Amino acid sequence: MAIVEVKVPDIGDFDEVAVIEVMVKVGDAVRLEQSLVTVESDKASMEIPSSAAGVVKDIRVALGSKVKEGSVLLLLETSGEAVAAIPAQVGLATVAPAPEIAPAVVAAAPAVLAGPVELRVPDIGDFKDVTVIEVFVKPGDSVKVEQSIITVESDKASMEIPASAAGVVKELKVKLGDKVNMGDLLAVLETMGGAPAAVPSAAPTAASVAVPSPQVGTPVATLAIVASVPAHLPGGAPVGLPHASPSVRKFARELGVPLQEVKGSGMKGRITEADVQAFTRSVMSGAVQTQAVAVQSKSAAGTDGAGLGLLPWPVVDFAKFGPIERKDRSRIKKISAANLHRNWVMIPHVTNHDDADITDLEAFRVATNKEHEKSGIKVTMLAFLIKACVAALKKFPDFNASIDGEQLVLKQYFHIGFAADTPNGLMVPVIRDADKKGIFQISQEMSELAKKARDGKLSPAEMSGAGFTISSLGGIGGRYFTPIINAPEVAILGVCKSTMEPVWDGKAFQPRLMLPLSLSWDHRVIDGASAARFNVYLSQILGDFRRILL
Ligand code: CAO
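Analysis parameters
- Residues numbered from 1 in each chain as written.
- Predicted model: local features only at pLDDT ≥ 70, side-chain atom pairs only at ≥ 80, totals over all residues.
- Heavy atoms only, no water.
- Pairing = 2+ DSSP bridges.
- Helix = DSSP H or I, 4+ residues; strand = E, 2+ residues; numbered from the N terminus.
- Near = heavy atom within 4 Å.
- Polar contact = N/O pair within 3.5 Å; in protein donor to acceptor, adjacent residues only side chain to side chain.
- Areas by Shrake-Rupley, 256 points an atom, 1.4 Å probe, with all protein chains shown as cover.
- Phe/Tyr/Trp six-rings, centres within 6.5 Å; stacked < 30°, edge-to-face > 60°.
- Lys NZ or Arg CZ within 6 Å of the ring centre and 35° of its normal.
- Core = buried A, V, L, I, M, F, W, Y, C linked by side-chain atoms within 4.5 Å.
- Buried < 20%, exposed > 50% of the residue type's maximum accessible area, 1.4 Å probe, protein only.
- Contact = heavy atoms within 4.5 Å.
- Expected span 1.5 Å × (residues − 1).
- Arc of directions from axis to C-beta.

Novice: Go over the sheet that holds strand β7 (residues 66–67) with me, naming the residues and quoting the values.
Specialist: Judged by pairing direction, the sheet is antiparallel, and its four strands sit side by side in the order β5-β4-β2-β7 without closing on themselves. Because the sheet does not close on itself, it has two edges, and the strands there are β5 (45–49) and β7. With four bridges joining them, strand β2 (residues 17–22) and strand β4 (residues 35–40) adopt antiparallel strand pairing. Across the sheet, residue V22 finds its bridge partner in β4, namely V37.

Shown next as structure tokens:
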């Protein structure tokens, strides 16, 4: 076993190219020469293949990362023989240098005079008989210098050939499917006045980008710009880069169009700009849903993961490994699972943890219960937490809010949900208008609602309308956890078991009863500073309830 760094090979003059696709993830087994990432400049994209076979241990780049020759892409754990082909430290750099794509060469270009100018295929390295797969211009079109006029493609790569002069296309000498070679005439331009600001015909240019040859370890340059992977439709597993030119991909990115969902109408299923526009129109008209939207609207009970581009859920014959028993999941468990799944996937959760000193509050609670023993009402810590949260929600109204399209709905009522563990699963009854109720009333209502929940007798009305929820595991144990927000709420407080801890008072450690708090919040609405302030304020109130009156 050895760890090998896979690096960006010599990619010619392409400096600081962006990673636009990462095709593997940690744990994947990759073959020698398997494409790992796609990088893109403004004119070309290329897949970078693996220099060794092995298992991906660590990925060092992310979408959007800028890389250049020598940048480490990932770490592979290889078996001894797999690395034999290329020494780890060499990575992919055993390739010949490559020149950059240059504008189509102007043959016999007049220096200043207006008149016809021939655009020819520049030096495209070792590429012979490449196919014209896209023609961007037609007679009568005005073209600017550097504007792409055609795309050519070999079996491994495609590249756009830009114009070297500005002018009006007088004659087009190629059509889709033609095979072209260096020096072939592509078009004749009628230039204007002082044009062309041209590249001299003698300019030594080429259009190849170097990547390793299939003969790993042999230093020869071969072009491998764009993978020839056909476009695929929703439902199909993404298998690589959609078949489209860099400019079409750029166009799609600008519009936020998921190119892998666009069906290409060009040659060999190639996606054209018109396909991207047509896809956008169908999404806007509602005729087509993007996969992302489809996932959101699909029943959250879905477990196949395919809509998210994840691996399918593993299907295992558990009985193969030992005795098992199968039992149906309860209706409540299935409903809450579907809701929790949607909330976890759709809400960007963050959880802040803090501790509150409830030494005095707990002493007060115990004394109160003793004093009112005969009332039959047991005052709970959760009742105090509900009141403390109401005070914090008044001070930080964004926590008692919901997203509604472009707007934030700020609630002026204080209905607090609390998670109740029942034999059938999790339920969330709601204490309405908690701001208007005292600790006794809240404790009593909570105990009634919790009983109803356990007996399966809660009405839908008793479970709706909460603006904020508390999930208390204090009666069970644990330190901290990450509660899942109960949509459409934007925050939830998780509470665990309080414990006596030594707390430094500036002079000595004092035994204090500390309550662990875990506040999960929706980062679309709330930011970390507000969450920290909310927790601090809550802790202050729990530390000294008189603060509620301030
Ligand atoms: N720290 C230490 N002790 C605590 C405590 C805390 N934070 N909170 C409660 N306790 C103690 C209580 O004082 C009580 O002790 P006594 O019996 O000696 O008086 C004991 O723990 C049992 O309390 P409880 O949990 O039954 O009662 P509660 O009012 O605190 O909570 C309810 C009621 C309905 C919230 C609770 O029974 C429950 O169902 N909790 C689970 C919630 C849950 O499942 N959350 C996870 C959701 S995400 O999956």
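Novice: Explain the sheet that holds strand β14 (residues 158–162) to me, and be specific about the residues and the numbers.
Specialist: Across the sheet, four strands lie side by side as β14-β13-β11-β16; this open sheet has antiparallel pairing. The open sheet has two edge strands, β14 and β16 (179–180), and neither has a second partner. Of the strand pairs in this sheet, strand β13 (residues 148–153) and β14 are connected by five bridges, and their pairing is antiparallel. By the bridge assignment for β14, T151 is matched with E160.

Novice: Talk me through the site of the ligand; I want residue IDs and the actual numbers.
Specialist: Lining the immediate surroundings of the ligand are 19 residues, of which K378, D421, S471, C496 and S498 lie closest. K378 is positioned such that a nitrogen or oxygen atom in its side chain is 2.8 Å from an oxygen atom of the ligand. Separating a nitrogen atom of the ligand from a backbone N or O atom of S498 is a distance of 2.8 Å. The fraction of the free accessible surface of the ligand (950 Å²) that becomes covered by protein chains is 66%. Of all the secondary structure elements, the ones that give two or more residues to the shell around the ligand are β24 (420–422), α8 (439–454) and β27 (468–472).

Novice: Quick rundown of the environment of G64? Include the residues and the values.
Specialist: Position of G64 among the secondary structure elements: in the loop between β6 (54–59) and β7. Expressed as a C-alpha distance, the spacing of G64 and I20, which sit 44 residues apart in the sequence, is 6.0 Å.

Novice: Run through the packing of aromatic side chains, naming residues and quoting values.
Specialist: Scanning all chains against the criterion turns up eight aromatic pairs. Each ring, one from F396 and one from F399, has its centre 6.2 Å from the other, and the planes form 75°; the classification is edge-to-face. Taken together, F396, F399, F468, F534 and Y537 form an aromatic cluster joined through their ring pairs. Against the face of F414 rests K394, its NZ or CZ located 5.5 Å from the ring centre.

Novice: Report on the nonpolar core, specifying residues and quantitative values.
Specialist: By size, the foremost hydrophobic cluster in this structure holds 53 residues, and its most contacted members are F468, I470, L493 and L542. Within the residue set of this core, elements represented by two or more residues are α7 (381–395), β23 (416–418), α8, β27, β28 (491–495), β30 (509–522) and α9 (528–543). When residues of this core are assigned to their parent elements, the largest contribution, twelve residues, is made by α7. Excluding anything up to four places from it in sequence, L493 contacts L385, C389, F468, T469, I470, S471, P483, L517, S518, L519, N535 and L538.

Novice: Pulling in residues and values, what's your account of helix α3 (residues 273–285)?
Specialist: In this model, α3 (13 residues) spans 18 Å end to end at C-alpha, consistent with the 18 Å of a helix rising 1.5 Å per residue. Turning to α3, its buried residues are D275, V276, F279 and S282. Buried residues along α3 cover an arc of 125° about the axis, so they all sit on one side. Exposed residues lying more than 90 degrees from the buried face of α3 are R281, M284 and S285. The first or second residue beyond α3 is G286, which carries a positive phi of 85°.

Novice: Go over unusual backbone geometry with me, naming the residues and quoting the values.
Specialist: Look at the link from A487 to P488: it is a cis peptide, with omega at 10°. Within the secondary structure, P488 is located in the loop between β27 and β28. With a phi angle near 50°, D129 is a residue other than glycine that sits in the positive phi range. Counting through the fold element by element, D129 comes out in the loop between β10 (115–120) and β11 (130–135). Although it is not a glycine, E146 sits at a positive phi angle of roughly 80°.

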